[in-house]
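Summary of structural features
These are the residues of each chain, in order.
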Amino acid sequence: MGERKTNQVPDKQAGEWLDAFRRFSGTLKIRVNPMFMERKTWDMLSGAGHDMRIRIYFGIEDGPSGKPVQCAYAVATVPDSQGVSRDQAGMIFRLDPVNRDFSSETGKVKTHIRDWNTWRNDNDPEEPGKNKFPTAFLLHATDLSTLFMKNNKSKVKLDFGLESDVNLLMYGESTGLKTADQSGYYDFSSPCPPYCDPESPLNEW
């Protein structure tokens, strides 16, 4: 077995986090949707050098059955002079199985993010633990580079895991197969709060 990369999580530990979240999600009144990032989305959001970090925001919208569903949006960021990753809200993609450009629908994105934060901060005794979720995660550019470039993935999956709080795992489609080129699981553990852009128009909740 090769040496694990920065932020790479052992398969057994990742599996435990994923299983714990699946049990936890069964207590929620919302449906948690699959999330994917396509390489073309990463290319557009990360810049030509692929060294920019990407922030993933979560939202809630009405589902076709009337049950609220979780959604996710990716936004480009640029570091300021203090190293804070500032959202570039003019470039937003929705992380459905086929990513969709939502750059012209900022109002809808903001509404979904606001509804997510209202939900996760509501102390409903029948749905405890919602504040284990963050508003967003800031993804590590080097890990994304490993998945997309070194492991030649055209699409990677994002899944919630649960340790003491909800975290975010990203992995290529070959994960779980006992092959030499298995891409592995990566833990993107820079949640907002505290790793937020306080001046972002997407953070007005």
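Presented here is an overview of the structure given in this document. (Residues numbered from 1 in each chain as written. Predicted model: local features only at pLDDT ≥ 70, side-chain atom pairs only at ≥ 80, totals over all residues. Heavy atoms only, no water.)

1. Quick notes on the sheet that holds strand β1 (residues 8-9)
Spatially, β1-β10-β9-β8-β2 is the arrangement adopted by the five strands of the open sheet, whose pairing is antiparallel. Strands at the two margins of the open sheet, each flanked by one partner only, are β1 and β2 (35-38). Sitting on the sheet, helix α1 (residues 11-25) touches β1, β8 (155-162), β9 (166-172) and β10 (185-187), and the angle it makes with β8 is about 70°. (Pairing = 2+ DSSP bridges. Helix = DSSP H or I, 4+ residues; strand = E, 2+ residues; numbered from the N terminus. Contact = heavy atoms within 4.5 Å. Axes fitted to C-alpha atoms, helices over the stretch in contact; angles between N-to-C directions.)

2. Points about the pattern of salt bridges
Taken as a whole and assessed by the stated rule, the structure comprises 14 salt bridges. The salt bridge involving D87 is made with R55; its shortest N-O contact spans 2.4 Å. In this pair, D87 sits in strand β5 (residues 85-94) while R55 sits in strand β3 (residues 54-62), placing the two residues 32 residues apart along the sequence. Accessibility expressed as a relative area gives 9% for D87, which makes it buried. Its relative accessible area of 1% is what places R55 among the buried residues. Notably, a salt bridge pairs D115 with R114, separated by 3.9 Å at the nearest N-O pair. Given a relative accessible area of 31%, D115 falls into the partly exposed group. Salt bridges sharing common partners tie together E61, R94, D96 and R100. (Salt bridge = Lys/Arg side-chain N within 4 Å of Asp/Glu carboxyl O. Buried < 20%, exposed > 50% of the residue type's maximum accessible area, 1.4 Å probe, protein only.)

3. Some remarks on the packing of aromatic side chains
According to the stated counting rule, one finds 14 aromatic pairs in the structure shown. Summarising the aromatic geometry, the rings of F58 and W116 are spaced 5.6 Å apart at their centres and angled 45° between planes, so their arrangement reads as tilted. Placement of F58 in strand β3 and of W116 in helix α3 (residues 106-120) is noted, with a sequence separation of 58 residues between them. Here F58 falls in the buried class, since its relative accessible area comes to 0%. For W116, a relative accessible area of 0% corresponds to the buried category. With a centroid separation of 5.6 Å and 55° between ring planes, the pair formed by W119 and F133 is classed as tilted. With W119 in helix α3 and F133 in the loop between α3 and β7 (136-139), this residue pair connects regions lying 14 residues apart in the sequence. The rings of F21, F24, F58, W116, W119, F133, F137 and F160 are connected pair by pair, giving a single aromatic cluster. Looking at K155, its charged tip hangs above the ring of F36, at a distance of 5.3 Å from the centre. (Phe/Tyr/Trp six-rings, centres within 6.5 Å; stacked < 30°, edge-to-face > 60°. Lys NZ or Arg CZ within 6 Å of the ring centre and 35° of its normal.)

4. Considerations on the environment of K40
Relative to the assigned elements, K40 resides in helix α2 (residues 39-46). Classification of K40 as exposed rests on a relative accessible area of 52%. Taking the C-alpha atoms as reference points, K40 and S154, separated by 114 residues in sequence, lie 7.9 Å from one another.

Geometric values such as these leave the question of function open.
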